[in-house]
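Residue-level structure breakdown
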Amino acid sequence: MVEIPQDIRCRLDELAQTFHDSEVYQRYERCSRELMKNPEVFEKMNRFRKENFALNTKGGSGSGMEPEVRSMLLDRFSVHTNPLIGEYLDAELEMCLVLREMLARIGTLADLKLDAFSSEDGSGLL
């Protein structure tokens, strides 16, 4: 395992704490605590999340699932009738988008010369 230099580790710790203290994360945690008070609702929501994830990550066009399929999935689990579930899913999405942006920004810090992984005809790895 690579040893992370202490100055970088300190900054990572600061970033992690800043994220943990953010309104985005705090909203997610509040929603999560409220949902966990009702294990049956929490389990129903998690089944929805699991199937939603599976549908969105299946091979194919990569555009995600069609609105009709998502609507059927929502109806199947009746999660759209519970405002707390809607709030949780919104908070989770917002948190994931923030994390994705953070990772993308960190990822641009180093030029890894990945052009060598793609081919001229577009059939390469990237």
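Please read these numbers as outputs of a predicted model, since none were measured by experiment.

Conventions adopted
- Along every chain, residues carry numbers that run from 1 in the direction the sequence is written.
- The predicted origin of the model limits local features to residues at a pLDDT of at least 70 and limits the giving and counting of side-chain atom pairs to 80 or more, whereas totals for whole chains, interfaces and linings rest on all residues.
- Heavy atoms throughout the structure, all of them, feed into the side-chain values; hydrogens and water do not.
- Two rings from Phe, Tyr or Trp (for Trp, the six-membered ring) form a pair when their centres sit within 6.5 Å of each other. Planes less than 30 degrees apart are called stacked, planes more than 60 degrees apart edge-to-face, and all others tilted.
- Remark: exposure states derive from per-residue accessible area (1.4 Å probe, protein chains only) relative to the maximum for the residue type, with buried under 20%, exposed over 50%, and partly exposed in between.
- A fitted line through C-alpha atoms serves as each axis, taken over the contacting stretch for helices, and the angle formed by two N-to-C directions is quoted from 0 to 180°.
- Secondary structure follows DSSP: runs of H or I at least 4 residues long count as helices, runs of E at least 2 residues long count as strands, and numbering of each begins at the N terminus.
- Crossing handedness: left-handed means the near helix sits turned counterclockwise from the far one by under a right angle, and right-handed means the same turn made clockwise.
- What makes two residues a contact is simply this: any of their non-hydrogen atoms within 4.5 Å.
- Charged residues are taken to be Asp, Glu, Lys and Arg, nonpolar residues to be Ala, Val, Leu, Ile, Met, Phe, Trp, Tyr, Cys and Pro, and polar residues to be all remaining types, Gly included.
- Think of a nonpolar core as a cluster: buried Ala, Val, Leu, Ile, Met, Phe, Trp, Tyr and Cys residues, connected wherever their side-chain atoms sit within 4.5 Å.
- Using only the protein atoms, space was sampled on a 1 Å grid; points where a 1.4 Å probe fits but cannot get out form cavities, open sets with protein on both sides within 12 Å along at least five of seven lines form pockets, and lining residues are those with an atom within 4 Å of a point.
- Grid points are joined across faces, edges and corners, and a volume is the space filled by probe spheres set on the points.
- Expected span of a helix, by definition, is 1.5 Å for each gap between consecutive residues, and there is one gap fewer than residues.
- As used here, the arc belongs to the directions running from the helix axis to the C-beta atoms.
- For patch building, the residue pool is restricted to those with more than 30% relative accessible area and no salt bridge; the joining distance is 9 Å between like charges and 5 Å between nonpolar side chains (Val, Leu, Ile, Met, Phe, Trp, Tyr).
- Accessible areas in this description were obtained via Shrake-Rupley with a 1.4 Å probe; residue shielding takes into account the shown protein chains only.
- Any Lys or Arg side-chain nitrogen found within 4 Å of a carboxyl oxygen on Asp or Glu counts as a salt bridge.
- Note on terminology: angles under 35 degrees are roughly parallel, angles over 145 are roughly antiparallel, angles of 65 to 115 are roughly perpendicular, and the others are oblique.

**Some remarks on the packing of aromatic side chains**
Tallied over the full model, the rule gives 3 aromatic pairs. Relative to Tyr 25, the ring of Phe 19 has its centre 5.5 Å away and its plane inclined at 55°; by these criteria the two rings are tilted. Using a relative accessible area of 13% as the deciding quantity, one classes Phe 19 as buried. A relative accessible area of 17% places Tyr 25 in the buried class. Taking the centre distance of 5.3 Å and the plane angle of 40° together, the rings of Tyr 28 and Tyr 88 count as tilted.

**As for the packing of helix 2 (residues 23–36) against helix 5 (residues 83–107)**
Across the interface, helix 2 lies against helix 5 with an axial gap of 9 Å and an inter-helix angle of 145°. You can see that helix 2 and helix 5 cross each other, and the crossing is left-handed. From helix 2, Val 24, Tyr 25, Arg 27, Tyr 28, Cys 31, Ser 32, Glu 34 and Leu 35 reach across to helix 5, where they touch Leu 84, Ile 85, Glu 87, Tyr 88, Asp 90, Ala 91, Glu 92, Glu 94, Met 95 and Val 98. Considered class by class, the residues forming the contact of helix 2 with helix 5 number 11 nonpolar, 1 polar and 6 charged.

**A look at the nonpolar core**
Judged by nonpolar contacts, the single largest core of 15 residues is most densely connected at Tyr 28, Leu 35, Met 45, Ile 85, Tyr 88, Leu 89 and Met 95. Elements supplying a minimum of two residues to this core: helix 2, helix 3 (39–57) and helix 5.

**Focus: the layout of surface pockets**
Regions of empty space are outlined by a rolling probe, equal in size to a water molecule, passed over the atoms. In this structure, the second largest pocket encloses a volume near 160 Å³. Along the walls of the second largest pocket sit Leu 12, Leu 15, Met 102, Arg 105, Ile 106 and Leu 109, which together make up its complete lining. Counting only elements with at least two residues in the lining of the second largest pocket, the list comes to helix 1 (6–21) and helix 5. When the residues that make up the lining of the second largest pocket are grouped by side-chain class, the tally is 5 nonpolar, no polar and 1 charged.

**Overview of helix 3**
With 19 residues, helix 3 should cover 27 Å at 1.5 Å per step; its first-to-last C-alpha distance of 26 Å lies within 8% of that length. Where helix 3 is concerned, the buried positions are Val 41, Phe 42, Met 45, Phe 48 and Asn 52. With its buried residues spanning 125° around the axis, helix 3 presents them on a single face. Residues of helix 3 that are exposed and angled more than 90 degrees away from the buried face: Pro 39, Glu 40 and Lys 50.

**Structural notes on a nonpolar patch on the surface**
Together, Ile 4, Ile 8, Leu 12, Leu 15, Leu 103, Ile 106 and Leu 109 make up an exposed nonpolar region whose accessible area comes to about 630 Å². Elements supplying a minimum of two residues to the nonpolar patch: helix 1 and helix 5. Inspection of the secondary structure assignment puts Leu 12 in helix 1.

**Section: the packing of helix 3 against helix 5**
Relative to each other, helix 3 and helix 5 sit at 45°, their axes nearing to 11 Å. Overall, the two elements helix 3 and helix 5 adopt an arrangement that is oblique. Considering how the two elements wind past one another, helix 3 and helix 5 form a crossing that is right-handed. Touching Val 41, Met 45, Phe 48 and Arg 49 of helix 3 are Ile 85, Tyr 88, Leu 89 and Glu 92, all from helix 5.

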